[in-house]
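These are the residues of each chain, in order.
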Amino acid sequence: MATPSDNHYLAGLDLTGRRVVVVGAGPVAQRRLPRLIKAGAAVEVIAPQATPAVEALADAGEITWHRRDYRDGDLDGAWYAVAATSSDEVNAAVGAEAERDRVFCVRSDNATEGSAVTPAVAEHDGLLLGVLAGGKPRRSAGVRDALLEAVQSGVVDEHPEPHAPGVALIGGGPGAPDLITVRGRRLLAKADVVLTDHLAPRELLEELGSHVEVIDVSKIPYGRSASQQVINETLIEKVRAGKFVARLKGGDPYLFGRGFEELLACAEAGVPVTVVPGITSAFSAPAMADVPVTHRGVAHEAVVVSGHVAPDDERSLVDWEALARLRGTLVLLMAVQRIEAFAEVLIKNGRPADTPVAVVQEATTDTQRSLKTTLAQVADDVRAHDIKPPAVIVIGPVAALKD
């Protein structure tokens, strides 16, 4: 005869406005409460003490916390209960009351003794996945994770119908294909046309279907470059032809990525746009080289600066004198070619010549490399090590923390 845990009936409960009692306020309850709150349940927690996170939920009014021990009768009027104390005896008492009052109850200490079990759950764009594995939580969690990844990556298409015509401005992250956001990967998998550049994760293009048109609009530093006007016109032209277009960029679309220029062009043409933020190399590249851009007691500011024009260029909008007076972190993007001029102007206006500097090239990729130097030496070291774009330069005490 099968055990009860082998024959669970998987159902979706509508708990909106309905009383749910959670007995216990420790780590287990802390894990269960957010989804109950999101489901709209009127959650009451019964426990003499609580973790700081559970206490914060009570302080915010998201749950009601009765700061006392459990008493028989506490489940009166409840629709659902969770016994999540560290005491098997208390959990058993909660389960017994639930059985008597016909309230479905989850036992955190012994799933087979409860009248309900919590599935391994994941949520994706309005799709709720729940997996039960007969009381084997690691198995159910593993299957859930695999299903979620398949849906997120587009291997399983939860929306088989074509995407409506429009543009998705997608930040692809710093370079590694698994550092694109979940939303970005999902929309990329729906695209009919992909406009990409050399900074976007190249491996993601291999996952696209053979029907997807890929257009290279790279802006190679000091080399071949697609004009922004051509890019804007191509986006609009493809959408008007009934296509869903993914504009795949490196990093984040709005951080020196001209993403807002493309959004404005599309908006003017009446083309709908979805913006998907990305992980910027300004912070992720230093992190990959063990350089935090901020650190308690070391840096209270982090300033990101574009290095695409020299300090004395009339087009420059940067106040280099003000930057030189800062004591925190300065992150330079697109600055390899002009690093000597940037170092000189910073030193001239007060930044110490021995200020630590870290340079990280092609972060998160197989060809990543980095060097540590000083502001006075950075230009010579960049030349000596033949550092090429894309590279991120970090100036400030944080660059020497690991040392």
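Keep in mind that this is a model prediction, so the values were computed, not measured.

J.: What is the right way to look at the sheet that holds strand β2 (residues 42-46) in this model?
T.: Where strands meet in a sheet, backbone hydrogen bonds hold them as pairs that are either parallel or antiparallel. Read from one edge to the other, the open sheet built from five strands follows the order β3-β2-β1-β4-β5, with strand pairing classed as parallel. The open sheet has two edge strands, β3 (64-66) and β5 (104-107), and neither has a second partner. Sheet twist, expressed as the mean angle between neighbouring strand axes with direction ignored, is 20°. With four bridges connecting them, strand β1 (residues 19-23) and strand β4 (residues 80-83) associate as parallel partners. Across the sheet, the residue bridging to V21 is A81, located in β4. Contacts between helix α3 (residues 88-101) and the sheet are confined to β1, β4 and β5, with β5 contributing the most and set at about 165° to the helix.

J.: Hey, could you run me through the sheet that holds strand β13 (residues 302-306) in this one?
T.: Read from one edge of the open sheet, five strands run β13-β14-β17-β15-β16, paired in mixed fashion. Each end of this open sheet is capped by a strand with a single partner; those strands are β13 and β16 (369-374). Taken over all neighbouring pairs, the strand axes of this sheet differ in orientation by 20° on average, direction set aside. In the sheet, strand β15 (residues 356-361) pairs with strand β17 (residues 391-395) via five bridges, with the strands oriented antiparallel. Within the sheet, the bridge partner assigned to V359 lies in β17 and is I393.

J.: How do you make sense of the packing of aromatic side chains when you look at a structure like this?
T.: Working definition: an aromatic ring pair is given by the centre-to-centre distance plus the angle between the planes. For the structure on display, the rule yields two aromatic pairs. Ring centres 5.6 Å apart and planes at 85° place the aromatic pair Y254 and F260 in the edge-to-face group. Classification of F260 as partly exposed rests on a relative accessible area of 45%. Note on W320 and F342: the rings are 4.9 Å apart at their centroids and 15° apart in plane angle, and the pair reads as stacked. Note that W320 is positioned in helix α10 (residues 320-325) and F342 in helix α11 (residues 339-348), a separation of 22 residues in sequence. For the pair shown, W320 and F342 are each scored as buried. Lying across the ring of W79, R18 places its NZ or CZ 4.3 Å from the centre.

J.: Sorry if this is basic, but what is going on with unusual backbone geometry here?
T.: Comment: phi is negative for the bulk of residues other than glycine, and the bulk of peptide bonds are trans. Here the bond from P389 into P390 is cis, since omega is 0°, no more than 30 degrees from zero. The topology assignment puts P390 in the loop between α12 (378-384) and β17. At F256, a residue that is not glycine, the phi angle is positive and equals roughly 55°. Structurally, the position occupied by F256 is in the loop between β11 (244-249) and α8 (259-268). The class of F256 is partly exposed, set by a relative accessible area of 39%.

J.: Can you walk me through helix α1 (residues 27-38) in this structure?
T.: Of all the residues in α1, the buried ones are A29, L33, L36 and I37. Taken down its axis, α1 places every buried residue within 90° of arc, on the same side. Across α1 from its buried face, at more than 90 degrees, point the exposed residues P27, R31 and K38. Each element contacted by the buried residues of α1 is listed here: β1, β2, α2 (52-59) and β4. Two residues or fewer past α1, G40 is found with a positive phi of approximately 85°.

J.: It is not clear to me how a nonpolar patch on the surface should be interpreted in this structure. Could you clarify?
T.: Together, Y254, F260 and L264 make up a nonpolar patch on the protein surface, roughly 310 Å² of accessible area in all. With respect to the helices and strands, F260 occurs in helix α8.

J.: Please clarify how the nonpolar core should be interpreted in this entry.
T.: Grouped burial of nonpolar side chains is what soluble globular proteins tend to show. Counting residues in hydrophobic clusters, the biggest one holds 24 residues, and the most contacted among them are W320, L332, I339, L346, V359, I393 and I395. Looking at this core, the elements that each hand over two or more residues are α10, β14 (329-333), α11, β15, α12 and β17. For this core, the element with the most residues is α11, which contributes five residues. The contacts of L346, once residues within four sequence positions are left out, are W320, L323, A324, L330, R351, L375 and I395. Of all hydrophobic cores here, the second largest spans 22 residues; its members include V22, A29, V43 and V54.

Quick notes on the rules
Residues numbered from 1 in each chain as written. Predicted model: local features only at pLDDT ≥ 70, side-chain atom pairs only at ≥ 80, totals over all residues. Heavy atoms only, no water. Pairing = 2+ DSSP bridges. Helix = DSSP H or I, 4+ residues; strand = E, 2+ residues; numbered from the N terminus. Axes fitted to C-alpha atoms, helices over the stretch in contact; angles between N-to-C directions. Contact = heavy atoms within 4.5 Å. Phe/Tyr/Trp six-rings, centres within 6.5 Å; stacked < 30°, edge-to-face > 60°. Buried < 20%, exposed > 50% of the residue type's maximum accessible area, 1.4 Å probe, protein only. Lys NZ or Arg CZ within 6 Å of the ring centre and 35° of its normal. Arc of directions from axis to C-beta. Patch = residues over 30% accessible without salt bridge, like charges linked within 9 Å, V, L, I, M, F, W, Y side chains within 5 Å. Areas by Shrake-Rupley, 256 points an atom, 1.4 Å probe, with all protein chains shown as cover. Salt bridge = Lys/Arg side-chain N within 4 Å of Asp/Glu carboxyl O. Core = buried A, V, L, I, M, F, W, Y, C linked by side-chain atoms within 4.5 Å.

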